[in-house]
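# Notes for the structure review
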Amino acid sequence: MSAEIENGLVVEKVHTAYDKADVLEDVSLTAQSGKITCLLGSNGSGKTTLIRSILGLTPPNSGRIVFDGTELTGLPSHRIIATGIACIPEGRKVFPRLTVEENLRLGAYQEKSPKVLADRLEQAYHTFPQLRERRAQLAGTMSGGEQAMVSIGRGLMRAPRLLLIDEPSLGLSPILVKQNFDIIRRINEQNITVFLVEQNVHQTLEIAHHGYVLSKGRIVAAGTPEELGRDREVHRAYFG
Amino acid sequence: MDLGLFSQYVMNGLMLGMMYALVAVGFTLFFGVLDVINFSHGDVLMVGSFTGLATYLGLDALGVVWPAFQVTAVLAAATLAMALLGAVIARYLVLPLKSAPALNTLLITLMLGTVLREGIRMFYPEGANPKPFPALLPTDAYPLGNFNLRIDNLLMLSAGLVVIVGVHLLINRTKLGLAIRAVAQDEETAKTMGINFNLVVLVTFAIGSALAAFAGIMNGLYYNETNFGIGLLLGVIGFSSAIIGGLGNIYGAIIGGFLFAALQTVGAVALPFASAYKDVFAFGVVILIMAWRPTGLISEKVSERV
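Here the structure is a predicted model, which means the values were calculated and not measured. (Residues numbered from 1 in each chain as written. Chains lettered and ligands numbered in written order. Predicted model: local features only at pLDDT ≥ 70, side-chain atom pairs only at ≥ 80, totals over all residues.)

### A look at the overall build of chain B
In terms of regular secondary structure, chain B is built from 11 helices and four strands. By the compact-globule yardstick of 19 Å for 306 residues, chain B fits well, its C-alpha radius of gyration being 19 Å. Seen along its three principal axes, the alpha-carbon backbone of chain B occupies a region of about 60 × 50 × 35 Å. Nonlocal contacts in chain B, meaning residues at least 24 apart in sequence, comprise 76% of its contacts between residues at least 6 apart. (Helix = DSSP H or I, 4+ residues; strand = E, 2+ residues; numbered from the N terminus. Rg over C-alpha atoms; globule rule 2.2 N^0.38 Å. Contact = placed C-beta atoms within 7 Å.)

The structure is reproduced here in structure tokens:
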């Protein structure tokens, strides 16, 4: 069991202060290797702050973050990414004035081999055939759904061992949300560890193996999807 | 005006425009990656021209008189030294102030410019006096009517063009350029792509400062002299050109540089007052342009930043 915990993302007693409003207090959680772990919480609960802390954008004030035995706390973002992490950020964050292909290439920025890069690009176009037709289009001129494809494709270009996904359903139509969750499941089936941050309780619990609930910067509940589905804290965190 | 004389003015305008464009590209690159104005940029240009001059004098003292080698060595020494200086400025003055208000960066680079200027004036041998700049290029001229086509002007113009095309290719066709554009558009997302942000900033400052050194050498060759104060006016002109073009846009900066030179040339030639007022005229027009288009001729919203 402990060896399994070593493998994956371990967040230990993290405190992060960010813009004074959005803070994390004593957050501990584990995203086990090969599994989908979700973090549920309403707006302003600190979900995005945790992602930012993991990525080194807003380093924690105290506590540790460890991935596959490598301590990430205190490392600059590009070295955190180098440990095998990729992120599909909240709001998709495509580079609006770069083409689709340039966006995808940036996803594999640390990849040195041109052959590997070409293979990954081919794979991304295979997953999202629409993107191949629009490879030369500026990403900022695309629809929200298409930008979501660019953002997901870009995250996969890294061929990460751990993928952080922040609110993939935000601002998308129900059909696209469903597609996105199917894609996340398929990503996980390729043995990529997924840490999924969401507001959308039902669909998230359907695909997750394990989950946590964050409220006002604290973890208030943890367990399997079945346990969380019954948990009062979950309802309180959202509706109370 | 006859065609020969007209060609002469166009040639002079192109030479000046090339220098201004090179300086303006630096301002716009720095603003692109870091949203800062580096007001020491003009003085970096001046130090670059003195580095070139000192390299020439050193080679001369060693008895190296082969012209092609001289000009290569002067250019290489000036651009490499200024690239290093630019990276040092970014690392020790600009990046540490990243979380401070942008005005602080403006002030600290303004002060650094003064330090560089006064440093050359006091510590370069007789630095307070204008220095003759050696003619490193062949000065043969072909008279075409009233127009004297000088080989050195033609060479400088071609070299400037090559440099500008080089910058364009670097920004648009290389992985480094992609990283610079990504950082300019969205710093945080660029970091999560695994881009080493600090390194990109250092390299960008190195590139911009090397371009300034190139312009500084061009300036020395064009006027046959250099002095410790050239960076002041060239800095303000380069900054104005970058602003007219829409700060953050490389092509806007290049257009702005040539536009400013065109205004100066018109001010010196076509208007009924003494040519000493050419800068007054050019800056006056810049003020009018800014009043008409506050975000520059190519506004950042529609243009591709960096």
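After that view of the structure, there is still more to cover.
### Quick word on the overall build of chain A
Broken down by element type, chain A carries 11 helices and 10 strands. Its C-alpha radius of gyration of 17 Å places chain A within 12% of the 18 Å reference for a compact globule of 240 residues. Considered along the principal axes of its C-alpha atoms, chain A spans approximately 45 × 35 × 35 Å. Summarising the internal contacts of chain A: among those between residues at least 6 apart in sequence, 65% fall at separations of at least 24.

### A few points about helix α2 (residues 47–55) of chain A
Residue and element names in this part refer to chain A. Counting buried positions over the nine residues of α2 gives nine, a clear majority of the element. K47, T48, T49, L50, I51, R52, S53, I54 and L55 are the residues of α2 that are buried. Positive backbone phi, approximately 80°, marks G56, located one or two places after α2. (Buried ≥ 20, exposed ≤ 12 C-beta atoms within 10 Å, placed from the backbone.)

### Digging into the interface of chain B and chain A
Facing 16 residues of chain B, the contacting portion of chain A comprises 19 residues. Counting only elements with at least two residues in the side of chain B that touches chain A, the list comes to α6 (175–185) and α7 (187–192) of chain B. In terms of residue count, α6(B) provides more of the side of chain B that touches chain A than any other element does, five residues in total. Residue classes in the side of chain B that touches chain A are distributed as five nonpolar, five polar and six charged. (Nonpolar A, V, L, I, M, F, W, Y, C, P; charged D, E, K, R; others polar.)

### A closer look at unusual backbone geometry
In this structure, A:E167 takes a positive phi of about 50° despite not being glycine. Within the fold, A:E167 resides in the loop between β7 (162–166) and α8 (174–189). Classification of A:E167 as buried rests on a count of 21 C-beta atoms within 10 Å. The phi dihedral of B:D35 falls on the positive side, at around 55°, and the residue is not glycine. Given 14 C-beta atoms within a 10 Å radius, B:D35 is considered partly exposed.

### A short note on the nonpolar core
Core analysis: the biggest nonpolar cluster contains 153 residues, and B:L22, B:V23, B:V25, B:M82, B:A182, B:V183 and B:F214 have the highest contact counts within it. Residues lining this core come from more than one domain, with at least three contributed by each of domain 1 (2–84 + 162–239) and domain 2 (96–159) of chain A. Those residues in contact with B:V183 that sit more than four places away from it in its chain are B:V33, B:A190, B:I195, B:F197 and B:V200. (Core = buried A, V, L, I, M, F, W, Y, C linked by C-beta atoms within 7 Å. Domains from an automatic or database assignment.)

### Describing the packing of helix α2 (residues 41–61) of chain B against helix α9 (residues 230–244) of chain B
Residue and element names in this part refer to chain B. For the pair α2 and α9, the least separation of the axes is 7 Å and the interaxial angle reads 135°. Taken together, the axes of α2 and α9 are oblique relative to one another. In the packing of α2 onto α9, the handedness of the crossing is right-handed. Facing H41, G42, D43, L45, M46 and S49 of α2, the residues of α9 in contact are I230, G231, L232, L234, G235 and G238. Among the residues forming the contact of α2 with α9, the class breakdown is five nonpolar, six polar and one charged. (Axes fitted to C-alpha atoms, helices over the stretch in contact; angles between N-to-C directions. Parallel < 35°, antiparallel > 145°, perpendicular 65-115°, else oblique. Left-handed = near helix turned anticlockwise from the far one by under 90°.)

### Overview of the domain arrangement of chain A
By a frequent convention, interface size equals the accessible area lost on bringing the separate parts together. All names here are of chain A. On domain assignment, one finds that chain A holds domain 1 (2–84 + 162–239) and domain 2 (96–159). Contacts between the two partners involve nine residues from domain 1 and, on the opposite side, seven residues from domain 2. If you list the elements that add at least two residues to the side of domain 1 that touches domain 2, you get α3 (77–82) and α8. With four residues, α8 is the single largest residue contributor to the side of domain 1 that touches domain 2. Residues that form the side of domain 1 that touches domain 2 fall into these classes: seven nonpolar, two polar and no charged.

### A few points about the packing of α2(B) against helix α4 (residues 102–123) of chain B
All names here are of chain B. Relative to each other, α2 and α4 sit at 25°, their axes nearing to 8 Å. For the element pair α2 / α4, the angle class is roughly parallel. Note on packing geometry: the crossing formed by α2 with α4 is left-handed. Contact residues: α2 offers G42, D43, V44, M46, V47 and F50, while α4 offers G113, L116, R117 and I120. Each residue belonging to the contact of α2 with α4 can be placed in one class, and the counts come to six nonpolar, two polar and two charged.

### Remarks on the pairing of β7(A)
Residue and element names in this part refer to chain A. Summarising burial for β7: five of the five residues are buried, a large majority. Of the two faces of β7, both are covered, the one formed by L162, L164 and D166 as well as the one formed by L163 and I165. Here strand β6 (residues 85–88) pairs with β7 via four bridges, running parallel. Its bridge partner being in β7, A86 is matched across the sheet by L163. (Pairing = 2+ DSSP bridges.)

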